[in-house]
Amino acid sequence: MPNRCIRPGDNPDLTKERETCTFDTDELAANLYGSRRNLERRREISQKVSADPDFADPIPHEFLSREKAVDATAKKSKVIFQKWKNLVKPEEMPHLVNEAVGIQGFPLALHHAMFLPSLNSQADDDLAAEILPRAKAYEIIGTYAQTEMGHGTNLRELETTATYDKTTQEFVINTPTRKAMKWWPGNLGKMSNYAVVCCQLIIDGKNLGPHNFLVQLRCEKTHEPLPGITVGDIGPKIAYNTTDNGFLALDNVRIPRRQMLMKHAKVSPDGTYTPPIHAKLNYGAMVHVRAHMIYSHGHLLARAAAVATRYSAVRRQGRIENGGPEVQILDYQTQQHRIFPQIARAYAILFAGQEVRDQYAKTLEGIANGQADLLPDLHALTSGLKSVVTFMGGLGIEQCRMSCGGHGYSDASGLPKLYGVQIGGCTYEGENMVMLQQTARYLMKGVKWAEQGKSLSPSIAYLGKKSGKSLIGLKGGDITREHEAILETLEHTARRLAIDASQLWEKRIKGGECKERAWNGVTVEMNRASRVYTRLFMARSFHRRLLSSPSSIRSVLSDLFSLYLHYECVDMAQHLLEDGHCNGGQIQYLKKRLYEDLTTLRPNAVSLVDSFEISDRELNSVLGRRDGNVYEALFQWAKQSELNYTDVLPAVKNYMMPMMEENRSKL
Ligand SMILES: CCCCCCCC/C=C\CCCCCCCCCCC/C=C/C(=O)SCCNC(=O)CCNC(=O)[C@H](O)C(C)(C)COP(=O)(O)OP(=O)(O)OC[C@H]1O[C@@H](n2cnc3c(N)ncnc32)[C@H](O)[C@@H]1OP(=O)(O)O
Ligand SMILES: Cc1cc2nc3c(=O)[nH]c(=O)nc-3n(C[C@H](O)[C@H](O)[C@H](O)COP(=O)(O)OP(=O)(O)OC[C@H]3O[C@@H](n4cnc5c(N)ncnc54)[C@H](O)[C@@H]3O)c2cc1C
């Protein structure tokens, strides 16, 4: 069943790979994106963006200064949100942005990712009616300003204050110290004229904790900062350099009472405070991004896997057998072991990302009806997924980069930028070590509920089950039963780690430590339990997807799932062995199966990444291009370097030539 990416003029090695494909690549892509129609729309958008002269890049962004890159990005954003706005559905917008602008951010990123979601879910009806239509029409641009120079994680200690003044019915927003300046918010520096600002709410001298307020930062006509406001860009970063992450200081800036986001927590004109139905509803914008970033991080890993796989099929280096031809580097077992697990993990993350987005939508529905009971489960899951997926993705992209040898180090590969953008996810929306502890808190409750025989939500139902003996390697050749045996072993391991961490914690408390200090003494184990809980969720989610997939792609998905499970288990072998649930022989069996999987997947590797359906423009990689014609493209790319505008650079004329001349004349 040949892959439909084949076209005349392509690199013959890639064509051969695609001709030997055993599944329908369109069918898998349609499954990944939800339907044939969605797949067609995806292609349509890619083609139309490529054909739109307003999106044409005279030279690649890699060769632009930061200011010019920001300019180009802003120009394209205007085109998207004016010309294209009514041509795409909201759910198609991220793809359009990726295609047209790229992944380093754009002026309206935080407007969409956090400003609109905060207003949607936290502004009361009056404020929403006034501000949302303007924000949705891009009459104003907003961001979400929470993190300060001195505090990002520990929100309870944020220093920015919003003090209620009953006499004028206003809040006075103030930055009391240098380190209280807001620092990091995306698009705060130069683009936004409004922000949702997170401040400690102070009423009658009492601190009621972090709450969100809508603050105008710049004049709508001139875009100059308003009186009392100091705002700017924090400077260059590893990546996201077309995003103006910013700083902000507010010097006793007054805003009307109704600009507090009061859908959940409220302050009445006389200063009476009404708390929300759940104490953390003010943190909703973070949960929103955490729930959505899983999928987008899956896509970043998918890109890297696509680049590394295609390039490895095109690149020939060395011989496996003496006298044989130089081989495609994809034939080396080590190369397959580096790259194929990244393909499997990318699919796993994308599937989990789709499930968690659905779970988020259900939770929001509940909250809208006054029920926040699904929130703790969602918070635990999104915190765990956010941490595991960003770390896995970072390692994976870096493996893909290294697997491309020297060319992987060049920006031409697209991989260094991809890594820079992706790795930010380990830090933003809650640093990973911190968020894993949020998951662990929930697991510790789950362990207690299970002991008490209480009912458990689906994501922690495994805590209430009993372990049998591990059947890995003992269930014969039936792949379905093998998958189940491995999932049961993962369940056992996740349960065992959670119970062990809980017991370690209790032991320290019984030994005389307070709960919090005892917690700090067991957080490495707590975070291990959280990671395995999350990895179990991902494996279960992949399994659900496999079981519901059409027969035309079931076999290749099953092969991929086998590789995924075998790789994850070998990677977590320490946990499987630690309590003797598995023995050394079983780990050896898993390794043997993993090496078999590499051979099984080899003929379909290129086609599996083709099914990610990432256009050349979106991939932005000379090495990963669909046609595989990388060498000519590498030369054309390098010729655009500004160092090549002249044959003799001023730096050479001014310093190196005189130095050489001087040295010659000394002889
Ligand atoms: C025309 C068409 C229009 C459509 C257009 C669409 C266009 C779309 C285009 C593109 C899309 C956008 C593109 C996206 C690009 C995005 C790029 C990336 C953006 C990156 C942005 C980054 C932003 C940020 O980083 S914002 C700052 C984030 N900061 C943090 O995350 C701080 C981390 N800290 C915390 O969250 C908390 O402080 C804490 C959790 C660490 C601890 O909090 P604390 O108050 O101390 O609470 P604690 O005592 O520990 O816990 C008390 C209980 O509360 C529970 N809990 C804590 N947090 C939450 C929560 N969020 N939700 C629910 N429950 C929570 C906690 O578990 C405790 O529970 P328990 O029962 O008591 O155990
Ligand atoms: C690319 C990018 C975009 C961002 N965009 C935004 C934005 O739009 N809006 C916004 O408000 N913020 C934004 N941020 C800020 C981001 O949310 C914070 O950097 C993040 O929450 C971490 O906080 P921190 O920097 O204060 O780290 P710190 O809290 O100082 O953490 C430093 C280290 O200390 C350790 N640590 C801290 N607390 C604990 C703990 N309780 N237990 C164990 N270890 C701990 C961790 O190892 C951590 O890595 C962005 C950051 C980045 C990198």
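Residues numbered from 1 in each chain as written. Chains lettered and ligands numbered in written order. Predicted model: local features only at pLDDT ≥ 70, side-chain atom pairs only at ≥ 80, totals over all residues.

K.L.:
Hey, could you run me through the site of ligand 1 in this one?
P.N.:
Not every one of the 30 residues close to ligand 1 is listed here, only the nearest: Met93, Lys280, Tyr283, Tyr428 and Gly430. Residue assignment for the shell around ligand 1 shows that the elements contributing at least two residues are helix H5 (93-100), helix H6 (109-122), helix H8 (284-314), helix H10 (375-402) and helix H12 (432-451). (Near = placed C-beta within 6 Å. Helix = DSSP H or I, 4+ residues; strand = E, 2+ residues; numbered from the N terminus.)

K.L.:
How should the site of ligand 2 be read in this particular structure?
P.N.:
Every one of the 20 residues lining ligand 2 counts as a neighbour, but Gln146, Thr147, Gly152, Thr153 and Trp184 are closest to it. Only strand S1 (142-145) and H12 provide two or more residues apiece to the shell around ligand 2.

K.L.:
Can you help me understand the nonpolar core in this one?
P.N.:
Among the nonpolar cores identified, the biggest contains 171 residues, and Phe213, Ala304, Ala305, Ile343 and Leu560 are the most heavily contacted of them. Ranked by residues supplied to this core, first place goes to H8 with 18 residues. With residues up to four places along the chain from it excluded, the contact list for Ala304 reads Gln342, Gly396, Ile397, Cys400, Leu415 and Leu418. (Core = buried A, V, L, I, M, F, W, Y, C linked by C-beta atoms within 7 Å. Buried ≥ 20, exposed ≤ 12 C-beta atoms within 10 Å, placed from the backbone. Contact = placed C-beta atoms within 7 Å.)

K.L.:
Explain the UniProt feature "domain: Acyl-coenzyme A oxidase N-terminal" (unreviewed entry) in the protein to me, please; I cannot follow it from the model alone.
P.N.:
Residues given the UniProt feature "domain: Acyl-coenzyme A oxidase N-terminal" (unreviewed entry) here are residues 24-141. Between the end C-alpha atoms of residues 24-141 there is a gap of 43 Å, over a span that is 66% helix and 0% strand. (UniProt positions renumbered as here; feature names shortened; annotations may be inferred.)

K.L.:
Looking at this model, I keep getting lost on the packing of H10 against helix H15 (residues 523-547). Mind explaining?
P.N.:
Relative orientation of the contacting elements H10 and H15 amounts to 90°, with a least axis distance of 9 Å. In terms of orientation, H10 lies roughly perpendicular with respect to H15. Contacts from Leu381, Gly384, Leu385 and Val388 of H10 reach H15 at Ser530, Arg531, Tyr533, Thr534, Arg535 and Phe537. Of the residues in the contact of H10 with H15, the class split is five nonpolar, three polar and two charged. (Axes fitted to C-alpha atoms, helices over the stretch in contact; angles between N-to-C directions. Parallel < 35°, antiparallel > 145°, perpendicular 65-115°, else oblique. Nonpolar A, V, L, I, M, F, W, Y, C, P; charged D, E, K, R; others polar.)

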